[in-house]
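Geometric and topological summary
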Amino acid sequence: MDIAYTAEEDAFRAEVRAWLGEVLPALPPAPPPHDWPARRVFDTTWQRTLYDAGYGGLDWPAEYGGRGASPVQQLILLEETERARAPYGVANYVGLKHAGPTIAAEGTPAQKERHLGPILRGDEVWCQGFSEPGAGSDLASLRTRAVRDGDDYVLTGQKIWTSHSLVADFCEILVRTDPDAPKHKGLTWLIMPMDAPGVRLRPLRTIMGSTDFAEMFLDGVRVPVANRVGAENDGWRVAMVTLSFERGTAFTGELVNSMVLVEELARLARKLTRRSGTAWNDAGLRREIGHLAAGYDALWALTLRNVSEAAAGSVPGVGATVFKLRLTELRTTLLELFARLLGRAGLTMSDLDDLGNGYYVEERLRALSLTIAGGTSNIQRNIIAERLLGLPK
Amino acid sequence: MHLLPTPEQRELRSAVRAICESEFPAERLGAEASTLDRGLWRRLGEMGLFALRLPEVDGGVGLGTAEAVLAFEELGRALVPGPLVATHLATPYLPGAATGERLAGIVDLREAPLLVEHHADLDDLLLLDGDRLLRADPAAVPARPVERPLDPWTPVSVAAAPPDGEPVAQGPAVAALRRDGALLTAALQVGIAAAVLDRAVRYVGEREQFGRPVGAFQAVKHAAADMLVRLELARSAVWAAAATCDAPEAGDPDRAVAAAKLLAGEAATKNSLAAVQLHGGMGFAWEVDVHFFLKRSWLHDTCWGDADTHAEALAAAL
Ligand SMILES: Cc1cc2nc3c(=O)[nH]c(=O)nc-3n(C[C@H](O)[C@H](O)[C@H](O)COP(=O)(O)OP(=O)(O)OC[C@H]3O[C@@H](n4cnc5c(N)ncnc54)[C@H](O)[C@@H]3O)c2cc1C
């Protein structure tokens, strides 16, 4: 058990830090959250910058254009980029964390050749078409049909909550190929070009006022059979492979960001004046903040455990689900504390004075999505109880 | 960076678990006991549990804090009674503590009322007085045993007046001792959190109501899931704190230990409470051993800084 980084790991951190110090100041300002075309350009340019410096697919195998770096190096990269407030690159997320690794693990040589390089270079943006109006937590009950017709599948149905689909080139889509089989056995995983005729998007507004996701209507969309990843009707297994990539280090940026916010919270409390002294004089508040800090320290420790397990070549055991559940719930607690401090300054997403309230208020809203997206907290608890603790279904 | 037990550390953990299972099996919890089992104590001493972190030149095992928390988690899981933490911390100062020949206790003179655990069994008593550590003869400390201790396995006595003693250490050594005391107690608490989770999962998998195991009901599942979340986060925090104590340049040991004690305390107590609830009426029955774990958790919560103290310390470190 060793918490100190090796000399090589320290050297890698220094290298990343120096590089970030060079490139970040030259970056244009981030576009406004609602301007998705501009965000796509901004995010993919950042991915290209990472790629050119050798950080684009750090943890991807070298044969697919990555560097085959260790999970610890990947952790260091994520930590340093977040601490330096480098762009998050949400438009690259599905490609880098879902579709890319799935194609690398399950795809044909032609699919790998076609997609992996472009994903790493930021040339391709992907979205995820899993959820449907009738299939959320019970994903396997999805009904979008794909009927074989010659060398194509013909897709008809509807997807929903498809994030940044408005600017995506491809969709990893889960469809039903055998309506008569048990629900987990009749699904297939396809690569669907977003410009295929018959794909229609209707933007949906989020509670933040932005259009981060959309409804996706599919009306006779032809997808070549060559775009199938894995066998026909084996899509559930392939999708589980996809979801497993989301675990591990996928939320490290979110965690580091939260740890920085806890420090900001303490600073804000020391600054805000109250009837007597500052908000920090309130012992109850201080203890809550101390509690929060402990929670995040433990999540960081769990991340180190998960990364160590990954480095030792094993699948994170208890780590991933426990981490997602706790991280997302603690984020809500964190932002509620900000709101308590801000009082009525929390009524606007525009900055007042130098409080930084705009960001905190936006994050307070965004935090609500984290315990829903990627499997709700209840579903995470079901998974923990049934798969980790072995309780009866 | 590798925050997992090494093969040697896993071996040590298994060895401690094995000795706990053979020397202090769960069936013994239900038996009446007020005096300590000296034989068990000596066996723990022979295993090197007390001298684990004492340097080899001083006759110790020369291992680190990481090994100590793994061992103490097992002692907590088995709910081994006695002044384990105190005796472990006393080894540099009290000959005979390392081998398990002598039992040592510790009290913090700031506490009021001043309760001494296991007073009648102690050979030595250490006194924490601010940043000084004193040694006293327990026989010379007048103390009256309480009639109904909360934890049946931890007799406590009320000391009449603050005892006096001869100084044995001060300054940074005492600060480190306080920190180690908190961390080793946190490790015991992690063991408790794990033990009651095991018991709860076993019970709800067997007990049937409405024609199915109660563990199939989602409210029950989610309560159990929350127990696992608390356990694993506390365990992670304890491991990180131990590793930070062993490599202090890599972090802030005080902050890491405060987080560990806070979360491990919460895990032990909340998991024990949940385990009582999940056992239904059985949870309130003496014959089911879950209440022993709850009572020990409540005791540990009051030792080496309570939750509020550590939360304040964490806030101050921000
Ligand atoms: C911001 C955001 C982005 C998203 N992006 C995408 C995307 O890009 N692609 C995509 O495919 N999907 C996306 N989703 C969809 C997301 O995966 C689903 O919203 C999520 O899985 C929940 O499904 P649902 O919305 O149908 O809720 P439901 O399943 O209808 O759940 C409603 C409530 O019932 C509870 N519930 C349901 N089943 C159970 C059960 N068995 N036990 C206990 N409680 C239960 C849930 O916890 C929840 O509280 C996104 C969602 C959000 C919020």
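- Where an unreviewed UniProt entry is consulted, chain B appears under the name Acyl-CoA dehydrogenase family protein, with the organism given as Phytohabitans maris.
- Per UniProt, chain B carries the Cofactor (unreviewed entry) text "FAD".
- Here is the UniProt Sequence similarities (unreviewed entry) comment for chain B, exactly as written: "Belongs to the acyl-CoA dehydrogenase family."

- With an unreviewed UniProt entry as reference, chain A is termed Acyl-CoA dehydrogenase family protein, source organism Phytohabitans maris.
- Looking at the Sequence similarities (unreviewed entry) heading of the UniProt record, one finds this comment for chain A: "Belongs to the acyl-CoA dehydrogenase family."
- According to the UniProt record, the Cofactor (unreviewed entry) comment for chain A reads "FAD".

Observations regarding the overall build of chain B
- Within chain B, the secondary structure is distributed over nine helices and nine strands.
- Taken against the 2.2 N^0.38 rule, which gives 20 Å for 318 residues, the C-alpha radius of gyration of chain B at 19 Å falls within 12% of a compact globule.
- With the principal axes as the frame, chain B shows a C-alpha extent of 65 × 50 × 40 Å.
- Of all 318 residues assigned to chain B, the portion counted as buried reaches 58%.
- Sequence separation of 24 or more characterises 69% of the internal contacts of chain B that already satisfy a separation of 6 or more.
- Carbon and sulfur atoms make up 53% of the accessible area of chain B, which amounts to about 12,900 Å² in all.
- Looking at chain B, you have 29 positive and 44 negative side-chain charges, and the mean spots of the two groups are 5 Å apart.

Here we look at helix H9 (residues 319-342) of chain A
All names here are of chain A.
- Counted at 1.5 Å a residue, the expected span for H9 with its 24 residues is 34 Å, and the 34 Å between its end C-alpha atoms agrees.
- With respect to burial, H9 is a largely interior element, 18 of its 24 residues being buried.
- Once H9 ends, the next one or two residues include Gly 343, with phi positive near 55 degrees.

Notes on the sheet that holds strand E5 (residues 143-145) of chain B
Residue and element names in this part refer to chain B.
- Pairing within the open sheet is antiparallel, and its three strands lie in the order E2-E6-E5. Looking at strand neighbours, the two that pair on one side only are strand E2 (115-117) and E5, the edges of this open sheet. Mean inter-strand twist for the sheet, computed between neighbouring axes without regard to direction, equals 35 degrees.
- Where E5 lies against strand E6 (residues 156-159), three bridges are found, and the strand directions are antiparallel. When the sheet's bridge partners are listed, Pro 145 is paired in E6 with Ser 157.

Focus on the domain arrangement of chain A
Residue and element names in this part refer to chain A.
- When its domains are assigned, chain A resolves into domain 1 (7-88), domain 2 (127-232) and domain 3 (248-388).
- Computed from C-alpha atoms alone, the centre-to-centre distance between domain 1 and domain 3 is 23 Å.
- Residue-level contacts link nine residues of domain 1 with 13 residues of domain 3.
- Together domain 1 and domain 3 conceal approximately 1,100 Å² of surface at their shared face, both sides included; 69% is due to carbon and sulfur atoms.
- Counting the surface domain 1 buries against domain 3, the share from its top three residues, Leu 75, Glu 82 and Arg 83, is 46%.
- Taken together, the connections running from domain 1 to domain 3 amount to one salt bridge.
- Note that Arg 85 and Glu 264 form a salt bridge whose closest N and O atoms lie 2.9 Å from each other.

Considerations on the packing of helix H1 (residues 7-23) of chain A against helix H3 (residues 71-83) of chain A
All names here are of chain A.
- One way to put it is that H1 packs onto H3 with a least axis distance of 10 Å and a crossing angle of 35 degrees. The two elements H1 and H3 cross, and the hand of that crossing is right-handed. In this structure, H1 uses Glu 9, Phe 12, Arg 13, Val 16, Arg 17 and Leu 20 to contact H3, whose residues at the interface are Val 72, Gln 73, Ile 76, Leu 77, Glu 79, Glu 80 and Thr 81.
- When the residues that make up the contact of H1 with H3 are grouped by side-chain class, the tally is six nonpolar, two polar and five charged.

A short note on helix H7 (residues 253-278) of chain B
Residue and element names in this part refer to chain B.
- Here H7 contains 26 residues, and its C-alpha end-to-end distance of 36 Å stays within 8% of the 38 Å for a straight helix at 1.5 Å per residue.
- With 21 of its 26 residues buried, H7 lies for the most part within the structure.
- Its side-chain oxygen 3.1 Å from the backbone nitrogen of Asp 254, Asp 252 forms the N-cap of H7.
- Phi turns positive one or two residues past the end of H7, at Gly 280, with a value near 60 degrees.

Quick look at the sheet that holds strand E1 (residues 104-108) of chain B
Residue and element names in this part refer to chain B.
- Taken in spatial order, the four strands line up as E1-E3-E4-E7 in an open sheet, and their pairing is mixed. Both outer strands of the open sheet, E1 and strand E7 (166-170), are each paired with one neighbouring strand and no more. Recorded for the sheet is a direction-independent mean angle of 30 degrees between the axes of neighbouring strands.
- Summarising the sheet, E1 and strand E3 (residues 124-129) pair through five bridges and their orientation is parallel. The residue bridging Ala 104 from the neighbouring strand is Asp 124, located in E3.
- Strands E1, E3, strand E4 (132-136) and E7 of the sheet are contacted by helix H5 (residues 172-206), whose axis makes an angle of about 80 degrees with E7.

Some thoughts on the packing of aromatic side chains
- Enumeration according to the criterion identifies eleven aromatic pairs over all chains in this entry.
- Here the aromatic cluster, defined as three or more aromatic residues joined through ring pairs, consists of Phe 12, Trp 19, Trp 46 and Tyr 55 of chain A.
- The cationic tip of Arg 148 of chain A hangs over the ring face of Tyr 153 of chain A; the distance from NZ or CZ to the ring centre is 5.7 Å.
- When the ring centre of Trp 239 of chain B is taken as reference, the NZ or CZ atom of Arg 305 of chain A above it lies at 4.6 Å.

Focus on unusual backbone geometry
- That bond from Ala 112 of chain B to Pro 113 of chain B is cis: its omega, -5 degrees, falls within 30 degrees of zero.
- Tracing the backbone through its elements, the reader meets Pro 113 of chain B in the loop between E1 and E2.
- Positive phi is not limited to glycine here, since Trp 161 of chain A has a value of about 65 degrees.
- Here Trp 161 of chain A shows up in strand E3 (residues 152-163).
- Of note, His 118 of chain B is a non-glycine position whose phi angle comes to about 55 degrees, a positive value.

As for the site of the ligand
- With respect to spatial proximity, 18 residues lie near the ligand, and among them Gln 128, Ser 131, Ser 137 and Thr 376 of chain A together with Gln 218 of chain B are the closest.
- Site remark: the ligand is flanked by residues from chains A and B.
- At 2.8 Å, a backbone N or O of Ser 131 of chain A approaches an oxygen atom of the ligand.
- Note that an oxygen atom of the ligand is positioned 2.6 Å from one of the side-chain N or O atoms of Ser 137 of chain A.
- Alone, the ligand offers 970 Å² of accessible surface; in the complex the protein occludes 64% of this.
- Sorting the residues of the shell around the ligand by element identifies E3 and helix H11 (377-388) of chain A as the ones contributing at least two each.

Definitions and cut-offs
- Residues numbered from 1 in each chain as written.
- Chains lettered and ligands numbered in written order.
- Predicted model: local features only at pLDDT ≥ 70, side-chain atom pairs only at ≥ 80, totals over all residues.
- Heavy atoms only, no water.
- UniProt positions renumbered as here; feature names shortened; annotations may be inferred.
- Helix = DSSP H or I, 4+ residues; strand = E, 2+ residues; numbered from the N terminus.
- Rg over C-alpha atoms; globule rule 2.2 N^0.38 Å.
- Buried < 20%, exposed > 50% of the residue type's maximum accessible area, 1.4 Å probe, protein only.
- Contact = heavy atoms within 4.5 Å.
- Areas by Shrake-Rupley, 256 points an atom, 1.4 Å probe, with all protein chains shown as cover.
- Lys, Arg positive; Asp, Glu negative; His and termini not counted.
- Charge placed at Lys NZ, Arg CZ, Asp CG, Glu CD.
- Expected span 1.5 Å × (residues − 1).
- Pairing = 2+ DSSP bridges.
- Axes fitted to C-alpha atoms, helices over the stretch in contact; angles between N-to-C directions.
- Domains from an automatic or database assignment.
- Buried area = accessible area lost by both parts, 1.4 Å probe.
- Salt bridge = Lys/Arg side-chain N within 4 Å of Asp/Glu carboxyl O.
- Left-handed = near helix turned anticlockwise from the far one by under 90°.
- Nonpolar A, V, L, I, M, F, W, Y, C, P; charged D, E, K, R; others polar.
- Polar contact = N/O pair within 3.5 Å; in protein donor to acceptor, adjacent residues only side chain to side chain.
- Phe/Tyr/Trp six-rings, centres within 6.5 Å; stacked < 30°, edge-to-face > 60°.
- Lys NZ or Arg CZ within 6 Å of the ring centre and 35° of its normal.
- Near = heavy atom within 4 Å.

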